[in-house]
Amino acid sequence: MKKLKFPTAQTILILIAVFTAILTWLVPAGKYDSLAYNATSNTFTKTSLEESTELPATVETLENLNIKIPIQKFTNGDIYKPIGIPDTYKELEPNPQGLGALVKSPVKGIIAAADIIFLILIIGGLIGIMNLTGAFDAGISWLAKILKGREYILIVVVTTLIAAGGTTFGLAEETMAFYPILIPVFLAAKYDGMVGLACIFLGSGIGSMCSTTNPFATIIASDAAGINWTTGLNNRIIMLLVCLTITIVYILRYAKRVKNDPSRSLIFDQKEAQEKLFGIHDANTTTKFTNRLRLIITVFSLCFIVMIVGVSFLDWWFVEMTSTFLLGAILIGIIGKVKEIVFVEAFAKGAAELLSVAFIVGIARGVTILMEDGLISDTILYHASTITQGMNKGVFANVMLYIYGGLSFFMPSSTGMAVLTMPIMSPLADTVNLGRETIVDTYQYGMGLFYLINPTGLILAALAIVKIGFNKWLQFMMPLLFLLLIATMILLTISVY
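Predicted, not measured: the structure shown is a model, and the values here were computed from it.

1. Section: the overall build of the protein chain
Here comes step 1: Per the secondary structure count, the protein chain includes 22 helices and 6 strands.
Here comes step 2: The C-alpha radius of gyration computed for the protein chain amounts to 24 Å, which stays within 12% of the reference 23 Å derived for 497 residues, consistent with globular compactness.
Here comes step 3: Summarising its shape, the C-alpha atoms of the protein chain cover approximately 70 × 50 × 45 Å along the three principal directions.
Here comes step 4: In the protein chain, which comprises 497 residues, the proportion classed as buried is 54%.

2. Some remarks on the sheet that holds strand β5 (residues 83–84)
Here comes step 1: Taken in spatial order, the 4 strands make up an open sheet running β4-β3-β2-β5, and their pairing is antiparallel. Each having just a single partner strand, β4 (52–56) and β5 make up the two edges of the open sheet.

3. Quick notes on the nonpolar core
Here comes step 1: Judged by nonpolar contacts, the single largest core of 171 residues is most densely connected at Tyr-179, Leu-197, Phe-201, Leu-202, Phe-325, Met-425 and Trp-473.
Here comes step 2: Top contributing element to this core by residue count: helix α5 (residues 114–133), with 11 residues.
Here comes step 3: Those residues in contact with Leu-197 that sit more than four places away from it in its chain are Tyr-179, Ile-183, Leu-202, Ala-462, Leu-463, Val-466, Ile-468 and Trp-473.

4. Description of the packing of helix α13 (residues 291–313) against helix α14 (residues 318–335)
Here comes step 1: Where α13 meets α14, the closest approach of the two axes is 10 Å, and the angle between their N-to-C directions is 170 degrees. Considering the angle they form, α13 stands roughly antiparallel to α14. The residues of α14 that touch α13, namely those facing Arg-292, Leu-295, Ile-296, Val-299, Phe-300, Cys-303, Phe-304, Val-306, Met-307 and Val-311, are Met-321, Thr-324, Phe-325, Gly-328, Leu-331, Ile-332 and Ile-335.
Here comes step 2: Residues that form the contact of α13 with α14 fall into these classes: 14 nonpolar, 2 polar and 1 charged.

5. Quick word on the side chain of Asp-223
Here comes step 1: You can see Asp-223 is positioned in helix α10 (residues 215–225).
Here comes step 2: For Asp-223, a relative accessible area of 1% corresponds to the buried category.

6. Concerning the pattern of salt bridges
Here comes step 1: Scanning the model with the defined rule gives 7 salt bridges in all.
Here comes step 2: Here Lys-259 ties to Glu-151 by a salt bridge, and the two come within 3.7 Å at their closest N and O atoms. Placement of Lys-259 in helix α11 (residues 233–260) and of Glu-151 in the loop between α6 (135–147) and α7 (152–169) is noted, with a sequence separation of 108 residues between them.
Here comes step 3: A salt bridge links Arg-236 to Asp-441; the shortest N-O distance between them is 2.7 Å. Here Asp-441 lies in helix α20 (residues 437–451) and Arg-236 lies in helix α11, a separation of 205 residues in the sequence.
Here comes step 4: Taking relative accessible area as the criterion, Arg-236 reaches 0% and is therefore assigned buried.
Here comes step 5: On the basis of relative accessible area, Asp-441 is assigned to the buried category, the value being 2%.

7. Topic: the environment of Gly-405
Here comes step 1: Structurally, the position occupied by Gly-405 is in helix α18 (residues 393–410).
Here comes step 2: Residue classification places Gly-405 among the buried positions, given a relative accessible area of 11%.
Here comes step 3: Taking the C-alpha atoms as reference points, Gly-405 and Met-447, 42 residues apart in sequence, are found 4.9 Å from one another.
Here comes step 4: Not counting chain neighbours up to four residues away, the residues in contact with Gly-405 comprise Gly-446, Met-447 and Phe-450.

8. Overview of the side chain of Ser-222
Here comes step 1: For Ser-222, the location among the structural elements is in helix α10.
Here comes step 2: Among residues more than four places away in sequence, those in contact with Ser-222 are Ile-227, Asn-228, Trp-229 and Val-440.

9. What to know about the packing of helix α16 (residues 355–373) against helix α21 (residues 459–466)
Helix-helix packing is characterised by the crossing angle of the two axes and by the distance between the axes.
Here comes step 1: Closest axis-to-axis distance for the α16/α21 pair is 9 Å, and the angle between their directions is 170 degrees. By the angle between their axes, α16 is roughly antiparallel relative to α21. Contact with α16, carried on its side by Val-357, Ile-360 and Val-361, involves Leu-460, Ala-461, Ala-464 and Ile-465 of α21 and no other residues of that element.
Here comes step 2: Within the contact of α16 with α21, the residues separate by chemical class into 7 nonpolar, no polar and no charged.

10. Digging into unusual backbone geometry
Leave glycine aside and you will find that most residues have negative phi; peptide bonds, for their part, are mostly trans.
Here comes step 1: Not every positive phi belongs to a glycine, and Asn-42 is a case in point at roughly 50 degrees.
Here comes step 2: Structurally, Asn-42 can be placed in the loop between β2 (34–38) and β3 (43–47).
Here comes step 3: Within the chain, Lys-337 stands out as a residue other than glycine whose phi angle is a positive 55 degrees.
Here comes step 4: Relative to the helices and strands, Lys-337 resides in the loop between α14 and α15 (340–353).
Here comes step 5: Residue classification places Lys-337 among the exposed residues on the basis of a relative accessible area of 64%.

11. Quick look at α21
Here comes step 1: With 8 of its 8 residues buried, α21 lies for the most part within the structure.
Here comes step 2: Next to the buried residues of α21 lie α1 (9–26), α8 (179–188), α9 (193–209), α12 (271–277), α16 and α22 (470–496).
Here comes step 3: Looking one or two residues beyond α21, the residue adopting positive phi is Lys-467, at roughly 60 degrees.

Reading the values: the criteria
- Residues numbered from 1 in each chain as written.
- Predicted model: local features only at pLDDT ≥ 70, side-chain atom pairs only at ≥ 80, totals over all residues.
- Heavy atoms only, no water.
- Helix = DSSP H or I, 4+ residues; strand = E, 2+ residues; numbered from the N terminus.
- Rg over C-alpha atoms; globule rule 2.2 N^0.38 Å.
- Buried < 20%, exposed > 50% of the residue type's maximum accessible area, 1.4 Å probe, protein only.
- Pairing = 2+ DSSP bridges.
- Core = buried A, V, L, I, M, F, W, Y, C linked by side-chain atoms within 4.5 Å.
- Contact = heavy atoms within 4.5 Å.
- Axes fitted to C-alpha atoms, helices over the stretch in contact; angles between N-to-C directions.
- Parallel < 35°, antiparallel > 145°, perpendicular 65-115°, else oblique.
- Nonpolar A, V, L, I, M, F, W, Y, C, P; charged D, E, K, R; others polar.
- Salt bridge = Lys/Arg side-chain N within 4 Å of Asp/Glu carboxyl O.

If you want it as C-alpha cells, here you go:
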C-alpha cells in the first residue's frame, strides 16, 4: 500500500488562507477604535473606521478613554504602535474576502514581509559563499573531533544560548540564519536533523515564551497593561528555568536514542538525503583547517555577534541585520580569493536554496492580512474578552492562557498582540482581584506554547530549511508540548494564589 505524503508547508498555509477567507464570511465584522501617539505634534490620534480625531496628549485624555497607561510610555517611545481602546468595539458592515482577495493575499504577504524575506535570501547567499570556500567542511570536521564523546554538550549549550537570546531580546526571526550552519554540526555529531532543529527552534521558543527583558514582548505588553515590566519578573524567571530544563532533558533523551540506534530517528528515512543536502559526507574531508579558513570562520561568526549586539543595544532591525550578512559575504569572498563571477553565481545559488523558505514567510503573512482586511480579528478578541466574567482567579488565569494560545493563531506577532489586546484584556484582571502582570504572563505563555506548533508562525519556515515535514515535527513535539502545558498551568495557578 502506497504511503500518503503529508502536504508541503506552502500547501498547509494556502489551506489555512482558504479557511481564513471562509471565516470572514461567517464571523461578524467588528473593530475597536485605536489610539496612536504623534511625537511631532505631541498629540493623540483616535481612529475609528468613520473618522480620525486629534486629541491632546494628556493624562486626562487617557483617563477619559479608560486607558490605564502612563502618558510617559507614549512620549518616550515605549509604545510606538496604535493601541486598542477599551469598550469601543463596534460591529461593522461585513467585508468578506472573496477569491480575488485570497489569490492576492500571498503576494501582499510577500510584499509586507519583504524585510525578513531579504534577510533569509542574503543569509542563503552567505552560506553559498561559505560552502564554496570549504571553510564549513573543515570547521565541522574539526569540531566533530573536538566534541567526540561529549556531543551532548552541543545540545545543552546551543539550546541555552538561543533561549538566552529569546528571553532577553526576542531572538526569533534571526534564528533562520542558524539552521544552515548548525544542522551540519549536529549531523556530524551523529544526531539527526530533528535534534538540531529542536535545539534552535525550541531554544528560541522557550526563551521568548518566558521573556524577561524582551522589549518586543514583556516590556511592551507591560507598558500597554499600565504596569512596570519588572512586576512578575520572578515568576517568569522560574518559568524559564523549569521549561528550559524540561525541554533540554527531552531533547537529550531523544538524541541519545538516535545516537545509540539511528533507525529510531523519526526521520531515519531522510538520513541520506539530509546528509547530502548539508554536505555532511564532505565533513570527513581531509581539507586542512588553514589560517585562511580560520579567518573566514571568524568573519562568519562575527556577523552573528555584530547582529546580536546591534539588535540588543543599537536599535537595529532587518535592514541593518541584512546589510551585516551581505558585508560578511563580500569580506569572505575577498579573503577566500573568490573570483567576481564565481562569487555572484555562488551567492545567487545559495539564495535560491532558501527561496522556498522566503515564500513560506510571505504566505503566512498573507493569512494575517486576510484576517485584518476581513475585519474579524477584533471580533474574535471582543468575544474572547467576555468569556472570563465571573470566574475564580485560578480558572481565570488558565482560561486566559488558552485564549491567548488561540488568538496567536490569528495574530502571531507578539508586539502586535500586545498593543492590540493588553488595553482590552488587562482590565479583566482587576475584576477578579489579580495583578495585571497575570495577563502579561498568560499572554506570553499562551502565545509561546502555541508558537511551538503554530503554522502561521515560524515553524513551517524552519522545517522547510531542514526539509522535515510538519507531521514529523508534531510527532516529535506533542509529548513535550503536553509536559510544558501541564508545568505552565501548575506554576501559573500557584503564582495567582
